[in-house]
Structures are given as C-alpha cells and as structure tokens.
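Each chain, letter by letter, is given below.
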Amino acid sequence: MERRGSQRLASFGVVAILGLLLLPFHGNGEVSCHPNIFGGQDCTGPEGRTTSTPNIFGGYDTTFPDGSRSSSQPNIFGGEDTTTRRGIVESKPNIFGGKDYRLPNGYRIESHPNIFGGQDFRQPDGHVLECRPNIFGGEDCR
C-alpha cells in the first residue's frame, strides 16, 4: 500500500510539473513539492503555489497559481488523462520506466528515471527538466 501511495504522490508531482510546462512562466523554472494534509501535494514554483487533492475518479484535482484548475483520472493505457483549461494531457508508460505525455497542442514530453531517484522530462525543444526527491517526501525540479 505504501508503494501505491508514493506512486500517487509522484503522479501529482508530474501534474504540477506539466502545469509549469503548460502555463507561461518566467524565471529559472524551479519547483519544489511536498505532501499536504489532504492526501495530495503542495508545490511552490516561480509563479506561486499549486495545490492538489485526491478526487473520486482515482486521480487529483489541482489548483494552479493563476486560479486555473485541472482534474486527472486513470486511462486504459496505464497512464492518466489530465483535463486542463487548454485541453487534455494524456500519458502512458514507456519502455524506459517513465511516461510519454501528449500535450493539448500536440507536443510530446518523455520522462525516464534518473540516477538521483527522480525523473527527467525531455521537453519538445530538447531541454531536460531534472527532478530529485527532497527531504519533505516530494520532489525538487530544475
């Protein structure tokens, strides 16, 4: 059961990171996450705080710093579908132990585990967002 809980928290961390990729932002793009008392996570980034709570569909409802919201639920491919104001982000597992994400604009993001126990996210422009576990049970991404 502990593994499932950590997978769900990691899943939300991904939503927060994808939120940073979907929302325009300025600055260095760093985000730090930690579990909250509602069973979700709170993430702080250059644009402010993102908060999530579990929903009845087995995913998360997330509120972003600009007030926009997203909702996720498992899909038939072993990933999640996340509905945002800009469209649906679809994910599915890949052969590298990470996930492939299809953004509403058609771009793709690939993730895979890194040597630090986190995930690396390769963005459409080739830039890699690197995430590492932090001491609060969440992740720090740069």
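See the structure printed just above.
A brief look at the structure comes next. Position labels on residues start from 1 in each chain and follow its written sequence. Reporting in this predicted model follows two pLDDT cut-offs: at least 70 for local features of residues, and 80 or more for side-chain atom pairs to be given and counted; totals over whole chains, interfaces and linings ignore these cut-offs and use all residues. Processing note: side-chain calculations cover all non-hydrogen atoms of the structure and skip hydrogens and water entirely.

**Describing the state of the cysteines**
Phase 1: The term disulfide is used for any two cysteine sulfur atoms that are within 2.5 Å. A complete count under the given rule lists two disulfides for this structure.
Phase 2: Covalently, C33 is tied to C43 through a disulfide, its sulfur atoms 2.0 Å apart. Disulfide C33-C43: the torsion about the S-S bond is 110°, which places it as right-handed. Of the two residues, C33 sits in strand β1 (residues 31-35) while C43 sits in strand β2 (residues 41-45), which places them ten residues apart along the sequence.
Phase 3: Exposure is judged per residue with a 1.4 Å probe applied to protein chains only, and the accessible area is read against the type maximum: over 50% gives exposed, under 20% gives buried, and values in between give partly exposed. You can call C43 buried: its relative accessible area is 1%.
Phase 4: When the cysteines of the protein chain that form disulfides are numbered from the N-terminus onward, they connect as 1-2, 3-4. The numbering of helices and of strands both runs from the N terminus, where a helix is a DSSP run of H or I of at least 4 residues and a strand a run of E of at least 2.

**Points about the sheet that holds strand β7 (residues 87-93)**
Phase 1: Taken in spatial order, the twelve strands close into a barrel running β1-β2-β3-β4-β5-β6-β7-β8-β9-β10-β11-β12, and their pairing is antiparallel. Ignoring strand direction, the axes of neighbouring strands in this sheet form an average angle of 20°. DSSP bridges decide pairing: two strands pair if at least two such bridges lie between them. Axis geometry follows a simple rule: fit a line to the C-alpha atoms, using only the stretch in contact for helices, then measure angles between N-to-C directions, giving values from 0 to 180 degrees.

**Regarding the packing of aromatic side chains**
Phase 1: Pairing of aromatic rings covers Phe, Tyr and the six-membered ring of Trp, with a centre-to-centre limit of 6.5 Å; geometry is then stacked below 30 degrees between planes, edge-to-face above 60, and tilted otherwise. Overall, the coordinates contain one aromatic pair when judged by the stated rule.
Phase 2: Ring geometry for Y101 and F121: centres 6.3 Å apart, planes at 45°, overall tilted. Taken together, the residues span a long stretch of sequence, with Y101 in strand β8 (residues 99-102) and F121 in strand β10 (residues 119-122) at a distance of 20 residues.
Phase 3: Taking the relative accessible area as the measure of exposure, Y101 reaches 5% and is therefore buried.
Phase 4: For F121, a relative accessible area of 1% puts it in the buried group.
Phase 5: Two conditions define a charge located above a ring, namely a distance within 6 Å from the ring centre to NZ of Lys or CZ of Arg, and an angle within 35 degrees of the ring normal. The ring centre of F116 lies 3.7 Å from the NZ or CZ of R132, which sits over that ring.

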